[in-house]
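# Structural features, examined
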Amino acid sequence: MSAGKIPFLQAVNGSTVLLPCTYASCIGIENLYFNWQFDDNGTMQKVCDSVIVSEGVEPDVAIYRERVEFVGKNVNNNVSILLWNITFEDGGKYTCFGRNPKEKGRNHSTIFTLIVVDELRVVDNRLTIIIASAVGGAIAALMGFMLLKNFTIFVLSKIEEKNKECLVTSSGIDNTENGLSGSKADSKPTPKKK
């Protein structure tokens, strides 16, 4: 049995509330017994119960409490209930219970907590927004620094590459005017002594 991702709910006095519950079995179901119970200061009061003969068959649900409607209809393994026009007395813990004889009578249950309030309070999210903004700003600054660093390294490597090219070109100049070895100046024979 599962009550979904959030096992509690705050609801306004006088509203209608869905109490979710689904079941799952890897070997299928046969005569699955389920019920909803309300914990009234330590005394469990039955809200509704039924037997689901097989998957896809809508159960005949007995309801023991006012303003309760079975809405699961056993579609997609759903055995959820609706509470109409809730009051402060409806607040508390609800247990969705199931027993599948195919699983050798193993019991499964989940608890859903209903909190009834006069009005829903507005949550102050300023601190969360400040923290998220600071973290986002720090990440953006880090990314900006890394981009600037990579761009600088790229520019420096291009400048260094250009300087190397200039050095190679300047070392290949012929020294023809100085008459140094390797020069292309006309060689004159040495004058003979008479």
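This text goes with the structure placed above it.
The following refers to the structure shown. Quick caveat: nothing in here was measured; it's all calculated off a predicted structure. (Residues numbered from 1 in each chain as written. Predicted model: local features only at pLDDT ≥ 70, side-chain atom pairs only at ≥ 80, totals over all residues. Heavy atoms only, no water.)

## Structural notes on the packing of aromatic side chains
Scanning the entire structure with this criterion turns up 3 aromatic pairs. It is Arg65 that lies over the ring of Phe38; its NZ or CZ is 4.4 Å from the centre. (Phe/Tyr/Trp six-rings, centres within 6.5 Å; stacked < 30°, edge-to-face > 60°. Lys NZ or Arg CZ within 6 Å of the ring centre and 35° of its normal.)

## Section: unusual backbone geometry
One non-glycine residue, Asn31, adopts positive backbone phi at about 55°. Along the chain, Asn31 falls in the loop between β2 (17-19) and β3 (32-40). Positive phi, close to 65°, is recorded for Arg67, a residue that is not glycine. Assignment of secondary structure puts Arg67 in the loop between β5 (62-63) and β6 (68-70). Here Arg67 falls in the partly exposed class, since its relative accessible area comes to 31%. (Helix = DSSP H or I, 4+ residues; strand = E, 2+ residues; numbered from the N terminus. Buried < 20%, exposed > 50% of the residue type's maximum accessible area, 1.4 Å probe, protein only.)

## Looking at the pairing of strand β8 (residues 92-100)
The buried count for β8 comes to 7 of 9 residues, which makes it a mostly enclosed element. When β3 meets β8, the two strands line up antiparallel, connected through 7 bridges. Its bridge partner being in β8, Phe34 is matched across the sheet by Gly98. With 9 bridges connecting them, β8 and strand β9 (residues 106-117) associate as antiparallel partners. Residue pairing across strands places Tyr94 opposite Phe112, the latter belonging to β9. Between β8 and β9, which follow one another and run antiparallel, lie 5 residues, and Lys104 among them has a positive phi close to 60°. (Pairing = 2+ DSSP bridges.)

## Remarks on the pattern of salt bridges
In total, this model carries 4 salt bridges according to the counting rule given. Between Lys46 and Asp49 there is a salt bridge, with the nearest N and O atoms lying 3.4 Å from each other. The exposure class of Lys46 is partly exposed, given its relative accessible area of 37%. The network of salt bridges with common partners includes Arg65, Arg67 and Asp90. (Salt bridge = Lys/Arg side-chain N within 4 Å of Asp/Glu carboxyl O.)

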